[in-house]
Protein chains: 2
Amino acid sequence: MKFVFLILATFSFATLAAAAKPIASELLESSKPTDWRAVAQENLLYMDLPQGQVIIELAPEFAPKTIENVKALAKEKYWDGLAIVRVQDNYVVQWADPNAEKPELRRKVKQARETVPAELDDTLDRSLTFKRLPDPDTYAKEVGFHDGFAMARDTKAKKMWLLHCYGAVGVGRDTAPDSGNGSELYAVIGQAPRHLDRNVTVIGRVLQGIELLSSLPRGKGKMGFYEKPEQQIKIRSIRLGTDVAKTNQLNLEVLRTDTPLFDKMIEARRNRSEEWFHYQAGRIDACNIQIPVRLK
Amino acid sequence: MKFVFLILATFSFATLAAAAKPIASELLESSKPTDWRAVAQENLLYMDLPQGQVIIELAPEFAPKTIENVKALAKEKYWDGLAIVRVQDNYVVQWADPNAEKPELRRKVKQARETVPAELDDTLDRSLTFKRLPDPDTYAKEVGFHDGFAMARDTKAKKMWLLHCYGAVGVGRDTAPDSGNGSELYAVIGQAPRHLDRNVTVIGRVLQGIELLSSLPRGKGKMGFYEKPEQQIKIRSIRLGTDVAKTNQLNLEVLRTDTPLFDKMIEARRNRSEEWFHYQAGRIDACNIQIPVRLK
């Protein structure tokens, strides 16, 4: 009797285990090499700060002209010695020329362009992979992912644009839409400021080191600007991956967002079957899905 | 002729000015004393850190039993000398007894209770003011504000609960829902982790000083726990407002969320008429509305 019971118990356990939905960490562990996308060095910015290194992936499908200029700026070492000038809590970290408003002192661009047309949104490219999320979004009809970048589409207006999620990198500008050339950039360090979507050009996202930016002291000036020059954080350098010495290049991989595995990851985030969770949201916001990044 | 033209021009300008929708900052400047709610000292926690002071407002309409215990813990100075033990980027800052897992070393509660029933959601109280937002929310059917606290309602299930927006304060727990008694608390410092809604008891929100928490160095251990005791941030004290010396009490006011002015503020956030904005979202997420707080 004991033996039979044991077998029954084992069956029962096996059935339960099969029925339990996988959790995100288990899915990630089960990933195959083909579930990952190698990031091209030509789309990486290496930002060196006294605090460490911040790695940004550019998304040239979305803002090609601006990104071309950002690459030109990196090539001419535009940012070296410039600074993080603004840290606004629950909003953005911004880097720029501290003397941008002083014509005689400000750093001149060389090969890069002084002005670039705004790329607030882009013509919808249906050839791009797009993993659409099933749940309602407050701000857009269709949201989802292309290559790990959170994006929205408007199929009627034939437009697409990147979302201002945590870690998104955008182009600071003045009042005129075309007033940013990519020399002044910001990264989101708080609740997704989705009202900025389609108001500024988004060029990519931080893949690594966002915590170095988000933990910086907040600026006490208006809009989080540092009030004293000595509070600013000096940028050692910003380099395009292809200009980084081979030995210092990082071979980063981003989890692909166009695979059956990612579909399961989304489901694991919509309904968390970790034991800790007692209530299942059954929903997920695009900015609440963190796309895994790893060193190859 | 010049004179007439001048008058016409003045009229024209006046018409334009009247037509332009007010922006949030202008609305705030136009507020009257009755647009503000004085915060009761009995619902304030004063948390003193080496970095400065963090002020939390408790929401006893939502988690009365837990909040009663949190007040009892503050009264017996439970947290004095304990520490911030966890800072996870884009997630939470958590404070607790660093020796919580060591029965012989951990701090014992005195008058406060060792266990408190979970208050993951509450029975819907229709007598509470509720300013509902007009836009779709990913996670809940109805979201809005009561007394400045972002909340959701399910009128069918007759439930209501507080949202995990930036600055929300909740009760750390183990796997069992009832395993938190309020002695271990966390504050949200990133993208609203709305999947935590109804999974943990939320007791209030940070009114002032959240930037002191959000700018702390991130813990490098699992889930952002500090790996070394010397990395932890020692809590000088946490006091209930009524136990703070009159001269040190802050007379804080929170903008009322049940007024015509607040209705206009919501509209000003849904459609930003600041000159800088070229695209109007026409929508707003509950966690993207920051409720103003001021010193009386």
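Since this is a predicted model, take the numbers as computed values, not measurements.

Enquirer: So what's going on with the relation of the copies chain B and chain A? Residues and values would help.
Expert: Under the fitted operation, chain B is carried onto chain A by 0.0 Å of movement along the axis and a turn of 180 degrees, and the coordinates agree to an RMSD of 0.0 Å. As the rotation angle and translation indicate, the two copies are arranged about a two-fold axis. Taken as a fraction of all interface residues of chain B, those also at the interface in chain A reach 100%, which identifies the copy contact as same-surface.

Enquirer: Before we move on, could you go through the pairing of strand E5 (residues 92–96) of chain A and cite the residues and values that matter?
Expert: Residues and elements named next belong to chain A. Buried residues dominate E5, accounting for five of its five residues. Taking every second residue as pointing to the same face, both faces of E5 are buried, with Val92, Gln94 and Ala96 on one and Val93 and Trp95 on the other. By the bridge criterion, four bridges tie strand E4 (residues 83–87) to E5 in an arrangement that is antiparallel. By the bridge assignment, isoleucine 84 is partnered in E5 with tryptophan 95. Connecting E4 to the antiparallel partner E5 that follows it, the hairpin turn spans four residues, and asparagine 90 within it adopts a positive phi of roughly 60 degrees. Bridge count for E5 against strand E12 (residues 185–188) is four bridges, and the pairing is antiparallel. Note on E12: the bridge partner recorded for valine 93 is alanine 187.

Enquirer: Tell me about the packing of aromatic side chains, and name the residues and values.
Expert: Using the criterion set out here, one finds six aromatic pairs over all chains in the structure. On the numbers, 5.0 Å between centres and 80 degrees between planes, the contact of Trp276(A) with Phe277(A) is edge-to-face. Taking relative accessible area as the criterion, Trp276(A) reaches 25% and is therefore assigned partly exposed. An angle of 85 degrees between the planes, with centres 5.8 Å apart, marks the rings of Tyr78(B) and Trp79(B) as edge-to-face. Judged on exposure class, the residue Tyr78(B) and its partner Trp79(B) are both buried. The ring centre of Tyr279(B) lies 4.7 Å from the NZ or CZ of Arg198(A), which sits over that ring. Sitting above the plane of the Trp161(B) ring, Arg198(B) keeps its charged end 3.8 Å from the centroid.

Enquirer: Before we move on, could you go through the environment of His146(A) and cite the residues and values that matter?
Expert: Counting through the fold element by element, His146(A) comes out in strand E8 (residues 142–146). In contact with His146(A), not counting residues within four places along its chain, are Glu61(A), Phe62(A), Leu128(A), Thr129(A), Met151(A) and Thr257(A).

Enquirer: Could you give an account of the interface of chain B and chain A, with specific residues and numbers?
Expert: By convention, interface size is frequently given as the accessible area that disappears when the constituent parts associate. Between chain B and chain A, the residue contacts involve 44 residues of the former and 44 residues of the latter. Carbon and sulfur atoms make up 51% of the surface buried where chain B meets chain A, a total of about 4,000 Å² over both sides. Together, Thr138(B), Gln191(B) and Trp276(B) form the three largest contributors to the area buried by chain B at its contact with chain A, with a combined 19%. In this structure, the connection of chain B to chain A is made through zero salt bridges. The tally of links from chain B across to chain A stands at 31 residue pairs in polar contact (both at pLDDT 80 or more). Within the side of chain B that touches chain A, the residues separate by chemical class into 18 nonpolar, twelve polar and 14 charged.

Enquirer: Give a detailed account of the sheet that holds E8(A), specifying residues and quantitative values.
Expert: Residues and elements named next belong to chain A. Here we have five strands laid out as an open sheet, ordered E6-E10-E9-E8-E7, and antiparallel in their pairing. The open sheet has two free edges, formed respectively by strand E6 (122–123) and strand E7 (131–132), since each of these has just one partner strand. Pairing of E8 with strand E9 (residues 149–154) involves five bridges; the strand directions are antiparallel. Directly across from glutamate 142, in E9, lies its bridge partner arginine 153.

Enquirer: Please set out helix H5 (residues 260–270) of chain A residue by residue, giving values where relevant.
Expert: Along H5(A), the residues that are buried comprise Leu261(A), Phe262(A), Met265(A), Ile266(A), Ala268(A) and Arg270(A). Looking at the buried residues of H5(A), the elements they touch are helix H2 (24–29), E7, E8 and strand E16 (252–255) of chain A.

Enquirer: Describe the state of the cysteines, listing the residues and the values that go with them.
Expert: Residue and element names in this part refer to chain A. Taken as a whole and judged by the stated rule, the model has two disulfides over all chains. Note that cysteine 165 is cross-linked by a disulfide to cysteine 287, the S-S spacing being 2.1 Å. In this structure, the disulfide formed by cysteine 165 and cysteine 287 twists by about -75 degrees around the S-S bond and is classed as left-handed. You can see cysteine 165 sitting in the loop between strand E10 (159–162) and strand E11 (168–171) and its partner cysteine 287 sitting in the loop between H5 and strand E17 (293–295), a full 122 residues away along the chain.

Enquirer: Explain the pattern of salt bridges to me, and be specific about the residues and the numbers.
Expert: For the structure on display, the rule yields 36 salt bridges over all chains. Residue Arg194(A) pairs with Asp197(A) through a salt bridge whose shortest N-O separation is 2.6 Å. Salt-bridge contacts for Asp147(B) lead to Arg37(B); the nearest nitrogen and oxygen are separated by 3.8 Å. Of this pair, Asp147(B) sits in the loop between strand E8 (142–146) and strand E9 (149–154) while Arg37(B) sits in strand E1 (residues 36–38), and the two are 110 residues apart along the sequence. When salt bridges that share partners are traced, they join Arg37(A), Glu57(A) and Asp147(A) into one network.

Enquirer: Just give me the short version of the side chain of Thr138(B), but keep the residues and values in it.
Expert: With respect to the helices and strands, the residue Thr138(B) is situated in the loop between strand E7 (131–132) and E8. Among the polar contacts listed, one links the side chain of Thr138(B) to the backbone oxygen of Pro136(A), at a separation of 2.7 Å. Contacts of Thr138(B), omitting those with residues within four sequence positions, involve Asp135(A), Pro136(A), Asp137(A), Thr138(A), Arg283(A), Ile284(A) and Asp285(A).

Enquirer: Summarise the sheet that holds E1(B); cite the residues concerned and give the values.
Expert: All names here are of chain B. The sheet built from three strands is open, its strands ordered E1-E16-E17 with antiparallel pairing. One side of each edge strand has no neighbouring strand; the edge strands of this open sheet are E1 and strand E17 (293–295). Here the average twist between neighbouring strands, direction ignored, is 35 degrees. Inspection of the sheet shows E1 paired to strand E16 (residues 252–255) by three bridges, in the antiparallel sense. Bridging across to E16, alanine 38 finds its partner in glutamate 253.

Enquirer: How would you explain the pairing of strand E10 (residues 159–162) of chain B if you had to name every residue and give the values?
Expert: A regular strand places its side chains on the two faces of the sheet in alternate fashion. All names here are of chain B. Bridging between strand E6 (residues 122–123) and E10 involves two bridges; their strand directions are antiparallel. Paired with threonine 123 across the bridge in E10 is lysine 159. Turn length for the E9-E10 hairpin, with the two strands adjacent in sequence and antiparallel, is four residues, and the turn residue lysine 158 shows positive phi of about 55 degrees.

Enquirer: Requested: an account of the environment of Asp97(B), with residues and values cited.
Expert: Residue and element names in this part refer to chain B. As for its position among the elements, aspartate 97 is in the loop between strand E5 (92–96) and E6. Counting along the chain gives 14 residues from aspartate 97 to alanine 83, while the straight-line C-alpha distance between them is 6.5 Å. Sequence-distant contacts of aspartate 97, that is, excluding residues within four places in its chain, are made with Tyr78, Leu82, Arg106 and Arg107. Of note is the side chain of aspartate 97, whose polar atom sits 2.8 Å from the backbone nitrogen of asparagine 99.

Basis of the calculations
Residues numbered from 1 in each chain as written. Chains lettered and ligands numbered in written order. Predicted model: local features only at pLDDT ≥ 70, side-chain atom pairs only at ≥ 80, totals over all residues. Heavy atoms only, no water. Least-squares fit on C-alpha atoms with pLDDT ≥ 70 in both. Contact = heavy atoms within 4.5 Å. Buried < 20%, exposed > 50% of the residue type's maximum accessible area, 1.4 Å probe, protein only. Helix = DSSP H or I, 4+ residues; strand = E, 2+ residues; numbered from the N terminus. Pairing = 2+ DSSP bridges. Phe/Tyr/Trp six-rings, centres within 6.5 Å; stacked < 30°, edge-to-face > 60°. Lys NZ or Arg CZ within 6 Å of the ring centre and 35° of its normal. Buried area = accessible area lost by both parts, 1.4 Å probe. Salt bridge = Lys/Arg side-chain N within 4 Å of Asp/Glu carboxyl O. Polar contact = N/O pair within 3.5 Å; in protein donor to acceptor, adjacent residues only side chain to side chain. Nonpolar A, V, L, I, M, F, W, Y, C, P; charged D, E, K, R; others polar. Disulfide = S-S within 2.5 Å. Axes fitted to C-alpha atoms, helices over the stretch in contact; angles between N-to-C directions.

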